[in-house]
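# Coordinates in review
What follows is the residue order along each chain.
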Amino acid sequence: DNHDGVEEITDEKIPLPFIIVNTDSKSIVQCEMSTPARTDVSFDFSRPFEINDDNEILKRLGMNVTSKDALQRSLPPDLFAYANGKGLLRDIARA
C-alpha cells in the first residue's frame, strides 16, 4: 500500500553500505550532492562531528555476529567449507 506518497517497507534487510553522521543539534550542516550520478557528497559542519560506517553501527547493535547454522544455510556449501576450514568465520560465527 502507498499512503500519501509514503511507501511501506516490509523487507527486514538493511541496505549496505551506509554511514551515520552525528553532530550537535545546534550545528549548521551544509550538504551538497553532485548531479546527475549523485555519487559525490560533501558536508560542511559548523561544529565537531562524528561519522560512523555500517561496520561500526552494526557492531554497536550486536548485528555483526550470527550462528554457524545460519551461515551454513546462507552460503554456498563450498564457500562455507572453505571459510570454516580456514578459520575465517571465527569472528562472526557463534556456536
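Anything mentioned here points back to the structure above.
Residues numbered from 1 in each chain as written. Predicted model: local features only at pLDDT ≥ 70, side-chain atom pairs only at ≥ 80, totals over all residues. Heavy atoms only, no water.

Bringing the overall build of the chain into the picture now. A count of helices and strands for the chain gives 3 helices and 8 strands. If you list the helices and strands of the chain from N to C, you get β-β-β-β-β-β-α-β-α-α-β. Considering only intrachain contacts with a sequence separation of at least 6, the fraction spanning at least 24 residues in the chain is 49%. Summing over all exposed atoms, the chain offers an accessible surface of approximately 8300 Å²; the carbon and sulfur share of this is 50%. (Helix = DSSP H or I, 4+ residues; strand = E, 2+ residues; numbered from the N terminus. Contact = heavy atoms within 4.5 Å. Areas by Shrake-Rupley, 256 points an atom, 1.4 Å probe, with all protein chains shown as cover.)

Next up on the list: a nonpolar patch on the surface. A surface patch of nonpolar side chains, about 620 Å² in accessible area, is lined by I19, V29, M33, V41, F43, F49 and I51. When residues of the nonpolar patch are traced back to their parent elements, those giving at least two are β4 (29-33), β5 (41-45) and β6 (49-53). Inspection of the secondary structure assignment puts I19 in strand β3 (residues 19-23). (Patch = residues over 30% accessible without salt bridge, like charges linked within 9 Å, V, L, I, M, F, W, Y side chains within 5 Å. Salt bridge = Lys/Arg side-chain N within 4 Å of Asp/Glu carboxyl O.)

Moving on to the side chain of N52. When you line up the elements, N52 lands in strand β6. There is a polar contact of 3.0 Å between the side chain of N52 and the side chain of E50. Excluding residues that lie within four positions of it along the chain, N52 makes contacts with F18, I19, I20, N22, I57 and R60. (Polar contact = N/O pair within 3.5 Å; in protein donor to acceptor, adjacent residues only side chain to side chain.)

Relative to the helices and strands, S27 is located in the loop between β3 and β4. Separated by 2.8 Å, the side chains of S27 and T23 make a polar contact. If sequence neighbours within four positions are ignored, S27 has contacts with S46 and R47.

A separate point is the nonpolar core. Counting residues in each nonpolar core, the largest one holds 5 residues, listed as L71, F80, A83, L89 and A93. In this structure, L71 is in contact with T66, F80, L89, I92 and A93, ignoring residues within four places of it in sequence. (Core = buried A, V, L, I, M, F, W, Y, C linked by side-chain atoms within 4.5 Å. Buried < 20%, exposed > 50% of the residue type's maximum accessible area, 1.4 Å probe, protein only.)

Should their charged atoms come close, side chains of opposite charge can pair. This model, assessed by the stated rule, comprises 2 salt bridges. A salt bridge links R47 to D24; the nearest nitrogen and oxygen atoms lie 3.9 Å apart. On the criterion of sequence distance, the pair formed by R47 in the loop between β5 and β6 and D24 in the loop between β3 and β4 is long-range, its members being 23 residues apart. Note on D24: relative accessible area 37%, which makes it partly exposed.

From the geometry alone we can't say anything about function, so treat these as descriptive.
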